[in-house]
Amino acid sequence: MKFSVVTIFPEYLEPLRQSLLGRAIEDGLLSVEVHDLREQAFDRHRTVDDSPYGGGAGMVMKPDVWGRALDAWAPPGSTLVVPTPAGRPFTQDVAAELAGAEHLVFACGRYEGIDQRVVQEASTRLPVHELSIGDYVLAGGEAAVLVMVEAVARLLPGVLGNPMSAVTDSFGTGSPGLLEYPSYTRPAEYRGLPVPPVLLSGNHAAVDRWRRDESLRRTARHRPDLIAALDPSSLDERDRAV
Ligand code: ADE
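Under an unreviewed UniProt entry, the name given to the protein chain is tRNA (guanine-N(1)-)-methyltransferase, and the organism recorded is Nakamurella alba. In its Sequence similarities (unreviewed entry) section, the UniProt entry covering the protein chain states "Belongs to the RNA methyltransferase TrmD family." Quoted verbatim from the Subcellular location (unreviewed entry) field of the UniProt record, the comment on the protein chain reads "Cytoplasm".

**A closer look at the site of the ligand**
In the vicinity of the ligand, the contacting residues are Pro83, Thr84, Pro85, Ser132, Ile133, Gly134, Tyr136, Val137, Leu138, Gly141 and Ala144. Partitioning the shell around the ligand into residue classes produces 7 nonpolar, 4 polar and no charged.

**A short note on unusual backbone geometry**
Between arginine 186 and the following residue, proline 187, the backbone shows a cis peptide bond with an omega angle of 5 degrees. Along the chain, proline 187 falls in the loop between helix H6 (164-168) and strand S8 (189-190). Unusually for a residue other than glycine, serine 19 sits at a positive phi of about 55 degrees. Inspection of the secondary structure puts serine 19 in helix H1 (residues 19-26).

**Notes on the sheet that holds strand S7 (residues 128-132)**
Strand order across the open sheet formed by 5 strands is S2-S1-S6-S5-S7, with parallel pairing between neighbours. The sheet is open, and its two edges are formed by strand S2 (31-36) and S7, each paired on a single side. With strand direction ignored, the average angle separating the axes of adjacent strands in the sheet is 30 degrees. Where strand S1 (residues 2-7) lies against S2, 6 bridges are found, and the strand directions are parallel. Residue valine 5 lies in a different strand from S2, and its bridge partner there is valine 34. Contacts between helix H2 (residues 63-73) and the sheet are confined to S1, S2 and strand S6 (103-107), with S1 contributing the most and set at about 160 degrees to the helix.

**A few points about the nonpolar core**
Formed by 42 residues in total, the largest nonpolar core has its most connected members in Phe106, Ala107 and Met148. Top contributing element to this core by residue count: helix H5 (residues 142-153), with 6 residues. Excluding anything up to four places from it in sequence, phenylalanine 106 contacts Val5, Val6, Val81, Pro83 and Val145.

**Concerning the UniProt feature "binding site: S-adenosyl-L-methionine" (unreviewed entry) in the protein chain**
Residues annotated in UniProt with the feature "binding site: S-adenosyl-L-methionine" (unreviewed entry) correspond here to Gly109, Ile133, Gly134, Asp135, Tyr136, Val137 and Leu138. For valine 137, a count of 9 C-beta atoms within 10 Å gives the class exposed. For leucine 138, the position within the fold is in the loop between S7 and H5. On the basis of neighbour counts, which here come to 16 C-beta atoms within 10 Å, the residue leucine 138 falls in the partly exposed class. Contact partners of leucine 138, with chain neighbours within four places excluded, come to Ala143 and Ala144.

**Brief notes about H2**
Three or more residues of H2 are buried, namely Val65, Trp66, Ala69 and Leu70. Relative to the axis of H2, the buried residues are bounded by an arc of 130 degrees and lie together on one face. Opposite the packed face of H2, turned more than 90 degrees from it, sit the exposed residues Asp71 and Ala72. Tucked into the core, H2 has its buried residues touching S1, S2, strand S4 (60-61), S6 and helix H4 (117-122).

**Quick word on the pairing of strand S5 (residues 79-89)**
Examined bridge by bridge, S5 and S6 share 3 bridges and lie parallel to one another. Residue threonine 79 lies in a different strand from S6, and its bridge partner there is leucine 104. Here 6 bridges tie S5 to S7, and the two strands are oriented parallel to one another. Bridge assignment links leucine 80 to a residue of S7, and that residue is valine 128.

**Quick word on the pairing of S6**
Burial of S6 is extensive: 4 of the 5 residues sit out of reach of the surface. Here S1 pairs with S6 via 5 bridges, running parallel. Among the inter-strand pairings, serine 4 is bridged to a residue of S6, identified as valine 105.

Basis of the calculations
- Residues numbered from 1 in each chain as written.
- Predicted model: local features only at pLDDT ≥ 70, side-chain atom pairs only at ≥ 80, totals over all residues.
- UniProt positions renumbered as here; feature names shortened; annotations may be inferred.
- Near = placed C-beta within 6 Å.
- Nonpolar A, V, L, I, M, F, W, Y, C, P; charged D, E, K, R; others polar.
- Helix = DSSP H or I, 4+ residues; strand = E, 2+ residues; numbered from the N terminus.
- Pairing = 2+ DSSP bridges.
- Axes fitted to C-alpha atoms, helices over the stretch in contact; angles between N-to-C directions.
- Contact = placed C-beta atoms within 7 Å.
- Core = buried A, V, L, I, M, F, W, Y, C linked by C-beta atoms within 7 Å.
- Buried ≥ 20, exposed ≤ 12 C-beta atoms within 10 Å, placed from the backbone.
- Arc of directions from axis to C-beta.

Below you can see the structure in the form of structure tokens.
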């Protein structure tokens, strides 16, 4: 799979070459290209923005510059992702959907965003997803791209050392719709706090049951909205007692 990022801050995307992703690039499982939007500007000053029609604060990124950038770097067959706080929420399901693409191209907006006609015109040629990583406003799309690329890349075959991790994770398919249970490792006692004894019991059924109980409790405490959204038929007697 190929990831391309178009940005006015190419250095911001350097972390994509570290850690899990860096290893996956070395292993040939994915490739990452970062392009400087200013290469497509028309003037000496490499201008990429202008004042908004209708007035108001801030600047808007120019459609003609973005048009050239996408002509150059978002070929037919690619999928365009535009990070924006005004987008559809980026969730694990969306990450799984994007993981099926051959080539994802991320268009990073800054300032007040990109002239809307860029998305409108690109949508006539390519699948386009305007996506938000949360209900807060970042200074630009770059940090959101780091989040989305990592979430998508770890779902690609071979990227994770242990593919079960993607299954048991919060929002993975382990206990659908629930947050992940808490984890423990040695020592068995840390600053007076013991590991929950069931985890040392060797009783796998009891461990599974305990983990599901903890997932339910954690989800109820941190994300009551997820409990409300659960399919009641996915709950058993003991779940209801938690
Ligand atoms: N750009 C600015 N804020 C953003 C957000 N919350 N999600 C995606 N892109 C953004």
